Amino acid sequence: MKADAASTPPKQLGLWRKSLNARTALLYLFPSILLFAVFIFYPMFRTIYLSFFLTDQQGAAALFVGFENYAYLFESREFRNSIKATVLFVLYTVPTGVIIALFLALIANEKLKGIGFFRTVYSSTMGISVAASSVVWLFLFHPSIGMFNRLLNVMNLPGVQWLLDPDWALVSISISTIWMNIGFSFLILLGGLQNIDEYLYESARIDGAGYWYQLRRITIPMLSPTLFFIITISLINAFQTFGQVDILTKGGPSQATNLIVYSIYREAFVNYQFGTASAQAVFLFICILIVTILQFKLGEKKVHYQ
Amino acid sequence: MMMSTPKKCLFYVLLFISAFLVFFPVLYAFMISFMSGGEILQGKFFPESIHFDNYIKVFDRLPLMNYLINSFIVSFGVMLGQLVVCSLAAYAFVFIPFKGRDFIFFLFISTMMIPWEATMIPNFFTIQKLDWMNTYQGLTVPFFALAFGTFLLRQHFKTIPKELHEAAEVAGLGKFAFFWRVILPVSKTSLVTLGAYGFLTTWNMYLWPLLVTSTDQVRTVQIGLKQLQSQEVATEWGVVMAGVIVVIIPTLLLLFAGQKQLQKGLTQGALK
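Residues numbered from 1 in each chain as written. Chains lettered and ligands numbered in written order. Predicted model: local features only at pLDDT ≥ 70, side-chain atom pairs only at ≥ 80, totals over all residues. Heavy atoms only, no water.

A. Spatial organisation of the overall build of chain A. What chain A contains, in helices and strands, is 14 helices and two strands. Expected size for 306 residues packed as a compact globule is a radius of gyration near 19 Å; at 25 Å, chain A overshoots this value by more than 25%. C-alpha extents for chain A along the principal axes are approximately 90 × 70 × 30 Å. For chain A, buried positions account for 54% of its 306 residues. Taking as baseline every contact in chain A between residues at least 6 positions apart, the subset at least 24 positions apart corresponds to 61%. Put simply, chain A shows about 14,600 Å² of open surface, and 65% of that area lies on carbon and sulfur atoms. Taking the 21 positively charged and 15 negatively charged side chains of chain A as two groups, their mean positions are separated by 8 Å. (Helix = DSSP H or I, 4+ residues; strand = E, 2+ residues; numbered from the N terminus. Rg over C-alpha atoms; globule rule 2.2 N^0.38 Å. Buried < 20%, exposed > 50% of the residue type's maximum accessible area, 1.4 Å probe, protein only. Contact = heavy atoms within 4.5 Å. Areas by Shrake-Rupley, 256 points an atom, 1.4 Å probe, with all protein chains shown as cover. Lys, Arg positive; Asp, Glu negative; His and termini not counted. Charge placed at Lys NZ, Arg CZ, Asp CG, Glu CD.)

Encoded structure:
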């Protein structure tokens, strides 16, 4: 590779020489482009394609059915239930999760002795896998020996069938999910807080502004881009939840926790209905696309520094 | 800045209570991993004695050692793969001006809008057709290219002075030599951040290993946990929790060591 020829290509050189930079760049980009093509773009188009077909057991398209898979889905009680569960799950987990993480980030942003210890503890759930956390929470939710029912017992309250009661199962999954996501949200929000210029607080203090005033007028507005980002990520994560459902409830009881990714998994790899599973996957893709586009559109307006 | 003593106390109380609540599930799992069945039924918090029976049992029940080695190989493999693939791409974006760069950049961004779960069905069949079921390739290669990782490194590469690039050209250093001998060494911190991130996320991966492994040969620890919990012996919670502790220790250590780095890297990669 002769780099010096590339930096100032004289006009009269042929197209071959002039495209030297592009060819070199493509060489460096080739591994990424190839992998994206094989494992992201091709399968995305393939998923859309399959969603218009009935498939055989090997996942090959067998019969073109147009939009029938979609029509079938939206009439199916099961799928409508799955959408309802997913929306509820998002509502249960995203606002609470972000508020808890924000609270932790705020108290861990104070300059106090030993604050590093607390930061480490708060971010620790990021290092714990979904499978491991789910197994631990499975025990905490255990009807007889689990901690929650023991606590209720001590307070003379009746126990709750956390994971077996259709009214409670989704709440239980949400509680464990909020805990799992605390670490990551905390770390991002703390980073956002530390990026805020100390000078702003100093001048506010000189003016005699109290803690709450500073929080409302400086911290929250300056943190809004980070908050916005973490809300988007939490939304997307909530749509993609799988592991905790698989380990804690298997989508039950009476499908109360059959979140969309679990529903796709079941439809494809248990029922071998790859066509309808693909239609569900396209639906998931569209949901996440809308969230991402909203982030870009609103984000442009909101980000007011950097 | 000075804080009054009562205010300080209030903050410490809040910090301690929150730390206890956040860490409680892990602490409890740790305690239970030392308990016998009887102790667990009694609902104790502290074990009577520290003994490692449950840890010995869990390595007996499952090929856990095997799974741990598999998880290490897979996580390390993805980490290395991501570092190579992403740094090459980031280098091209920053140091080689070429026509169509915007278009390719857009392609990279668009991959971030496609949820991985929406593509898993065709990916599963691709792996099957490549005959990569139950192999390390099947578990690692699909994750080598990462738009987030490319952006993270690109962000750092951009801070490297252009003069360095010019000087290298004058010195007759080829593009690859410049990349290998100059760019990579000065970007160590970003590479470490991305590496830790890649290792962590791969170690914790659940759905993909569940799909592409059907034998114990290359299975990872996360699937081991599912097996452990769904086996009949799962009533022995002490053994299950011993398994959990063994699985989370490597990532917890990694997180504790690299928390500051990771926080800085993730915030930068996320917001710019």
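From this point on, the discussion continues.
B. Examining the overall build of chain B more closely. A count of helices and strands for chain B gives 14 helices and zero strands. Taken from N to C terminus, the helices and strands of chain B fall in the order α-α-α-α-α-α-α-α-α-α-α-α-α-α. Against the 2.2 N^0.38 benchmark of 19 Å for 272 residues, chain B shows a C-alpha radius of gyration of 23 Å, more extended than a compact globule. Counting over 272 residues, chain B shows a buried share of 57%. In chain B, 73% of the contacts between residues at least 6 apart in sequence involve partners at least 24 apart.

C. Region of interest: the packing of helix H13 (residues 260–269) of chain A against helix H6 (residues 120–129) of chain B. Two numbers describe how H13(A) lies on H6(B): the axes approach to 11 Å, and their chain directions differ by 40°. The orientation of H13(A) with respect to H6(B), classified from their angle, is oblique. Of the residues in H6(B), those touching H13(A) at Ile264(A), Tyr265(A), Ala268(A) and Phe269(A) are Met120(B), Ile121(B) and Phe124(B). Residues of the contact of H13(A) with H6(B), tallied by class, amount to seven nonpolar, no polar and no charged. (Axes fitted to C-alpha atoms, helices over the stretch in contact; angles between N-to-C directions. Parallel < 35°, antiparallel > 145°, perpendicular 65-115°, else oblique. Nonpolar A, V, L, I, M, F, W, Y, C, P; charged D, E, K, R; others polar.)

D. Main features of the confidence of the model for chain A. When pLDDT is averaged along chain A, the result is 87, and 93% of the positions lie at 70 or above. Least confident of the elements in chain A is helix H1 (residues 3–7) of chain A, whose mean pLDDT is 45; most confident is helix H5 (residues 77–107) of chain A, at 95. (pLDDT = per-residue confidence, 0-100.)

E. Molecular detail of the pairing of strand S2 (residues 61–64) of chain A. Residue and element names in this part refer to chain A. For strand S1 (residues 53–55) and S2, the ladder comprises three bridges, and the chain directions are antiparallel. When the sheet's bridge partners are listed, Leu54 is paired in S2 with Leu63. Here S1 folds back onto S2, and the loop between the two strands holds five residues, one of which, Gly59, carries a positive phi near 80°. (Pairing = 2+ DSSP bridges.)

F. Inspection of a nonpolar patch on the surface at higher detail. Taken together, Leu151(A), Val154(A), Met155(A) and Leu157(A) make up a surface patch of nonpolar side chains, about 410 Å² in accessible area. Examined against the element boundaries, Leu157(A) turns out to sit in the loop between helix H8 (147–154) and helix H9 (169–194). (Patch = residues over 30% accessible without salt bridge, like charges linked within 9 Å, V, L, I, M, F, W, Y side chains within 5 Å. Salt bridge = Lys/Arg side-chain N within 4 Å of Asp/Glu carboxyl O.)

G. Representation of the interface of chain A and chain B in the model. Facing 97 residues of chain A, the contacting portion of chain B comprises 90 residues. Of all residues in chain A, Tyr28(A), Phe39(A) and Phe139(A) give up the largest surface area on contact with chain B, accounting jointly for 10% of the area buried on that side. On the surface where chain A and chain B come into contact, there are one salt bridge. For Asp246(A), the salt bridge is made with Lys226(B), and the minimal N-O distance between the two is 2.7 Å. Where chain A meets chain B, there are 14 residue pairs in polar contact (both at pLDDT 80 or more). (Buried area = accessible area lost by both parts, 1.4 Å probe. Polar contact = N/O pair within 3.5 Å; in protein donor to acceptor, adjacent residues only side chain to side chain.)

H. Seen up close, the side chain of Ser174(A). Residues and elements named next belong to chain A. As for its placement among the helices and strands, Ser174 is situated in helix H9. On the basis of relative accessible area, Ser174 is assigned to the buried category, the value being 3%. A distance of 2.7 Å separates a polar atom in the side chain of Ser174 from the backbone oxygen of Leu170. Residues in contact with Ser174, not counting those within four places in the same chain, are Phe89, Tyr92 and Thr93.

I. Main features of the environment of Thr235(B). Tracing the backbone shows Thr235(B) in the loop between helix H13 (221–230) and helix H14 (237–271). The spatial distance from the C-alpha of Thr235(B) to the C-alpha of Gly37(B) is 8.5 Å, given a sequence separation of 198 residues.

J. Here's a closer look at the packing of aromatic side chains. Using the criterion set out here, one finds 61 aromatic pairs over all chains in the structure. Both rings, one in Phe52(B) and one in Tyr55(B), keep their centres 5.7 Å apart while their planes meet at 55°; by these two values the pair is tilted. Chaining the aromatic ring pairs together yields one cluster made of Phe242(A), Tyr262(A), Tyr265(A), Phe269(A), Tyr272(A), Phe274(A), Phe124(B), Phe125(B) and Tyr206(B). (Phe/Tyr/Trp six-rings, centres within 6.5 Å; stacked < 30°, edge-to-face > 60°.)

K. Just helix H5 (residues 101–111) of chain B, in detail. Taken together, the buried positions of H5(B) are occupied by Ile104(B), Phe108(B), Ser110(B) and Thr111(B). Taken around the axis of H5(B), the buried residues stretch over an arc of 165°, which confines them to a single face. Residues of H5(B) that are exposed and point more than 90 degrees away from the buried face comprise Asp102(B) and Phe106(B). Looking at the buried positions of H5(B), the neighbouring elements they touch are helix H3 (20–50) of chain A together with helix H4 (64–95) and helix H8 (147–157) of chain B. (Arc of directions from axis to C-beta.)

L. Quick peek at helix H4 (residues 68–75) of chain A. Residues and elements named next belong to chain A. Among the residues of H4, Asn69, Tyr70 and Leu73 are the ones counted as buried. Within H4, the buried residues cover an arc of 95° as seen down the axis, which keeps them to one side. Of the residues in H4, the exposed ones pointing more than 90 degrees away from the buried face are Glu68 and Glu75.

M. Focus on the pattern of salt bridges. Considering all chains together, one arrives at seven salt bridges over all chains under this definition. A salt bridge links Glu198(A) to Lys111(A); the shortest N-O distance between them is 3.6 Å. Here Lys111(A) lies in the loop between H5 and helix H6 (115–123) and Glu198(A) lies in helix H10 (residues 198–206), a separation of 87 residues in the sequence. When its relative accessible area of 30% is taken as the criterion, Glu198(A) is described as partly exposed. Taking relative accessible area as the criterion, Lys111(A) reaches 60% and is therefore assigned exposed. When the shortest N-O distance is used, the salt bridge between Arg219(B) and Asp216(B) registers 3.1 Å.

N. Layout of the confidence of the model for chain B. Residues and elements named next belong to chain B. The share of residues in chain B with pLDDT of 70 or more is 96%, and the mean pLDDT across the chain is 88. Mean pLDDT per element in chain B: helix H2 (residues 37–42) is the minimum at 81, and helix H7 (residues 136–140) is the maximum at 95. Overall fold confidence (pTM) sits at 0.88, and the ipTM for the predicted complex is 0.88.

O. Spatial organisation of unusual backbone geometry. With phi around 55°, Lys250(A) is a residue other than glycine that occupies positive phi space. Assignment of secondary structure puts Lys250(A) in the loop between helix H12 (243–248) and H13. Look at Lys250(A) and you get partly exposed, because its relative accessible area is 45%. In this model, Asn134(B) sits at a positive phi of 55°, which is unusual for a non-glycine residue. Mapped onto the elements, Asn134(B) comes out in the loop between H6 and H7. On the basis of relative accessibility, which here comes to 17%, the residue Asn134(B) falls in the buried class.

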